[in-house]
Amino acid sequence: MNRMKAMKMKGKRKQPQKSKSAAQLIEKAEDCFEKFQVELSAKFYNQALSIEPSNTRALDGLGEVLIELGDFENAKEAFKKSIQISPEENHAKYMNMGQLVGGEEAIACYKKGISIISQKLTNLAQSSAPFNFMTGQPSTSQSTTFSVKSIPQIPSTESESESDSEREDNEDTELSESEEDDTEEKRQKRIISTLNQEMCSGLCSIAEIYLTDECFADEAENECGACLEKALAVCPLNPEPYFMMASYKISQRKPDEALNYLKQTYNLWRKKRQINSLFTKCDTTQPNYLLNYHTPSPLLKF
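This structure is a prediction, so every number in the text was calculated from the model and none was measured.

**Student:** Even after reading the chapter, I still don't get the overall build of the protein chain, so can you show me in this structure?
**Tutor:** From N to C terminus, the protein chain includes 13 helices and 0 strands. Helices (α) and strands (β) of the protein chain occur, in sequence order from the N terminus, as α-α-α-α-α-α-α-α-α-α-α-α-α. A total of 302 residues make up the protein chain; the buried ones form 34% of that total. Considering only intrachain contacts with a sequence separation of at least 6, the fraction spanning at least 24 residues in the protein chain is 54%. For the protein chain, the accessible surface area stands at approximately 20,200 Å², while carbon and sulfur atoms represent 51% of it.

**Student:** Explain the nonpolar core to me, please; I cannot follow it from the model alone.
**Tutor:** Inside soluble globular proteins, nonpolar side chains tend to come together where they are buried. Ranked by size, the top nonpolar core spans 57 residues in total, and within it Tyr45, Ile206 and Leu228 carry the most contacts. No other element matches the 10 residues that helix α8 (residues 164-211) contributes to this core. Not counting residues up to four positions away in its chain, the partners in contact with Leu228 are Cys204, Ala207, Pro241, Met244, Met245 and Tyr248.

**Student:** What's the story with the environment of Arg57 in this structure? I'm lost.
**Tutor:** Locating Arg57 in the fold gives a position in helix α4 (residues 56-68). Considered as a pair, Arg57 and Ser82 are 25 residues apart in the sequence and their alpha carbons are 8.2 Å apart. Setting aside residues up to four positions removed in sequence, Arg57 forms contacts with Ile26, Glu27, Glu30 and Tyr45. Within the structure, the side chain of Arg57 is placed 2.8 Å from the side chain of Glu30, a separation counted as a polar contact.

**Student:** Would you explain the confidence of the model for the protein chain in this entry?
**Tutor:** Caution applies to low-pLDDT parts of the model: their predicted coordinates are not meant to be read in detail. Mean pLDDT for the protein chain: 79, with 66% of residues reaching 70 or above. Per-residue pLDDT stays below 50 along residues 140-163; that stretch engages in 11 contacts with residues further than four places along the chain or on separate chains.

**Student:** It is not clear to me how the layout of surface pockets should be interpreted in this structure. Could you clarify?
**Tutor:** To locate leftover empty space, one rolls a probe as large as a water molecule over the atoms. Quantified by volume, the largest pocket comes out at close to 540 Å³. Lining the largest pocket are 22 residues, with Glu64, Asn90, Ala92, Asn96 and Glu198 sitting closest to its centre. Tallying contributions element by element places α4 first for the lining of the largest pocket, with 5 residues. Residue composition of the lining of the largest pocket, by class: 8 nonpolar, 8 polar and 6 charged.

**Student:** Sorry, what's going on with the packing of aromatic side chains here?
**Tutor:** Two aromatic rings, taken as a pair, are described by how far apart their centres are and by the angle between their planes. The final tally for this structure, using the stated rule, is 2 aromatic pairs. With 6.4 Å between their ring centres and 45 degrees between their planes, Tyr242 and Tyr261 make a pair best called tilted. Of this pair, Tyr242 sits in helix α10 (residues 239-251) while Tyr261 sits in helix α11 (residues 255-276); the two residues are 19 residues apart in sequence, bridging distant segments of the chain. Assessed through its relative accessible area of 11%, Tyr242 is described here as buried.

**Student:** Before we go on, may I ask you to explain the packing of helix α3 (residues 38-51) against α4 in this structure?
**Tutor:** Packed helix pairs are specified by the crossing angle of their axes together with the interaxial distance, meaning the distance between the axes. The geometry of α3 relative to α4 is characterised by a closest axis approach of 9 Å and an angle of 150 degrees between their N-to-C directions. With respect to α4, the axis of α3 lies roughly antiparallel. Seen along the crossing, α3 lies across α4 with a hand that is left-handed. Between α3, through Val38, Ser41, Ala42, Tyr45, Asn46, Ala48 and Leu49, and α4, the contact on the second element is made entirely by Arg57, Ala58, Leu59, Gly61, Leu62, Val65 and Glu68. Taken together, the residues of the contact of α3 with α4 sort by class into 9 nonpolar, 3 polar and 2 charged.

**Student:** Would you explain the environment of Lys28 in this entry?
**Tutor:** The residue Lys28 is located in helix α2 (residues 22-34) in this model. Overall, the relative accessible area of 34% leaves Lys28 in the partly exposed class. Put simply, Lys28 and Lys43 are 15 residues apart on the chain and 9.9 Å apart in space, counted from C-alpha to C-alpha.

**Student:** It is not clear to me how the pattern of salt bridges should be interpreted in this structure. Could you clarify?
**Tutor:** Between side chains of opposite charge, a pair can form as their charged atoms come close. One pass over the full model with this rule turns up 7 salt bridges. A salt bridge links Glu257 to Lys249, with the nearest nitrogen and oxygen atoms 3.1 Å apart. Accessibility expressed as a relative area gives 36% for Glu257, which makes it partly exposed.

**Student:** For this particular structure, what's the right way to read the packing of helix α5 (residues 72-85) against helix α6 (residues 92-100)?
**Tutor:** Closest axis-to-axis distance for the α5/α6 pair is 10 Å, and the angle between their directions is 140 degrees. α5 and α6 meet at a crossing whose hand is left-handed. Between α5 and α6, the residues in contact are Phe72, Ala75, Lys76, Phe79, Lys80, Ser82 and Ile83 and Lys93, Tyr94, Asn96, Met97 and Leu100, respectively. Tallied by class, the residues present in the contact of α5 with α6 amount to 7 nonpolar, 2 polar and 3 charged.

Procedures and definitions
Counting of residues starts from 1 at the beginning of each chain's written sequence and follows it residue by residue. Note on the predicted model: pLDDT of at least 70 is required for a residue's local features to be given, and 80 or more for side-chain atom pairs to be given and counted; whole-chain, interface and lining totals, by contrast, use all residues. Derived side-chain values reflect all non-hydrogen atoms in the structure, with water molecules and hydrogen atoms excluded from consideration. The numbering of helices and of strands both runs from the N terminus, where a helix is a DSSP run of H or I of at least 4 residues and a strand a run of E of at least 2. Relative accessible area decides the class of each residue, using a 1.4 Å probe on protein chains only: under 20% of the type maximum gives buried, over 50% gives exposed, and in between gives partly exposed. Only heavy atoms matter for contacts: two residues are in contact if any of them lie within 4.5 Å across the pair. Residue-level accessible areas treat just the shown protein chains as cover; the underlying method is Shrake-Rupley with a 1.4 Å probe. In plain words, nonpolar cores are sets of buried Ala, Val, Leu, Ile, Met, Phe, Trp, Tyr and Cys residues tied together by side-chain atoms within 4.5 Å. Whenever a nitrogen or oxygen atom comes within 3.5 Å of another N or O atom, the pair is scored as a polar contact, on the condition that within protein one atom can donate a hydrogen and the other can accept it, and that pairs from neighbouring residues in sequence are kept only if both atoms are in side chains. Values of pLDDT, ranging from 0 to 100, describe the predictor's confidence in every residue of the model. Definitions used throughout: a 1 Å grid over protein atoms alone; a cavity as a set of points that fits a 1.4 Å probe which cannot get out; a pocket as an open set with protein on both sides within 12 Å along at least five of seven lines; a lining residue as one with an atom within 4 Å of a point. Grid points are joined across faces, edges and corners, and a volume is the space filled by probe spheres set on the points. In this count, Pro and Cys sit with the nonpolar residues alongside Ala, Val, Leu, Ile, Met, Phe, Trp and Tyr, while Asp, Glu, Lys and Arg are called charged and the others, Gly among them, polar. Centres within 6.5 Å are what make two rings of Phe, Tyr or Trp a pair, Trp counting through its six-membered ring; a difference in plane orientation under 30 degrees is then read as stacked, over 60 as edge-to-face, and the rest as tilted. Axes here refer to lines fitted to C-alpha atoms; in helices the fit is confined to the stretch in contact. Angles between the N-to-C directions go from 0 to 180 degrees. Working rule for angles: under 35 degrees goes down as roughly parallel, over 145 as roughly antiparallel, 65 to 115 as roughly perpendicular, anything else as oblique. Helix crossings get a hand from a simple test, with the near helix turned counterclockwise from the far one by less than a right angle marking a left-handed crossing and a clockwise turn marking a right-handed one. Salt bridge, as used here, is a side-chain nitrogen of Lys or Arg placed within 4 Å of a carboxyl oxygen of Asp or Glu.

Written as structure tokens, this is what we have:
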């Protein structure tokens, strides 16, 4: 009797769960990070790296998580390893690395990140295929689709004209294709906008270093000005390069030009808040915290 009971219990034992792959663990880590479960995200990234120690996606993700946790040294190690394994992939790790180091090393990181962004934008402009944001190359995973309009229609022997139902079906198909094209075009535009914003941020970061840590370098003034001019060209509606340009003009002892850039900074910030107010509740008559906090600094130098 006891033997029969033992056999039944044995049959009811749970089967061991299959171990998750590195890709599955990375997806869980990214999902946790988006939900602000930072420590849990770090746990999943570490588990993924125990399976695939050279997975740059996991290394880059872990580095970002460690920055959030304040573990800057280990974050640097994660980014360094990722850079050694795949130096031409993912500009974000260079931008993050630039924040963790200083001086010439930071400038080199930002410049490399900007270079990768530039290449991504070039590849995007040359190809109408779906774009892989991480690699900077057109995606090869897209399945081939055929347009109904490209298929020759064989005339019916019974009737030369289409029926109403056939015409409606064709119109629906064409509308669906148009919507797909529109969605893809909008997606590409969002990618370009994001890349331009990140390039602008990197250029402003370089300019800031030349205004502070590397202000005594021989090339500081020219490099700073060139970076800010390019940032303004890349993102003319972003307040950040105008604000940095104001600081740059103050360093050149050109207060009138600096004040003009500060005014443009305020106008752009206010315009952005007015746009944001369409989606969120905020007081558009008052400058936001960042503007209140940063603007007095250059004004005090007049």
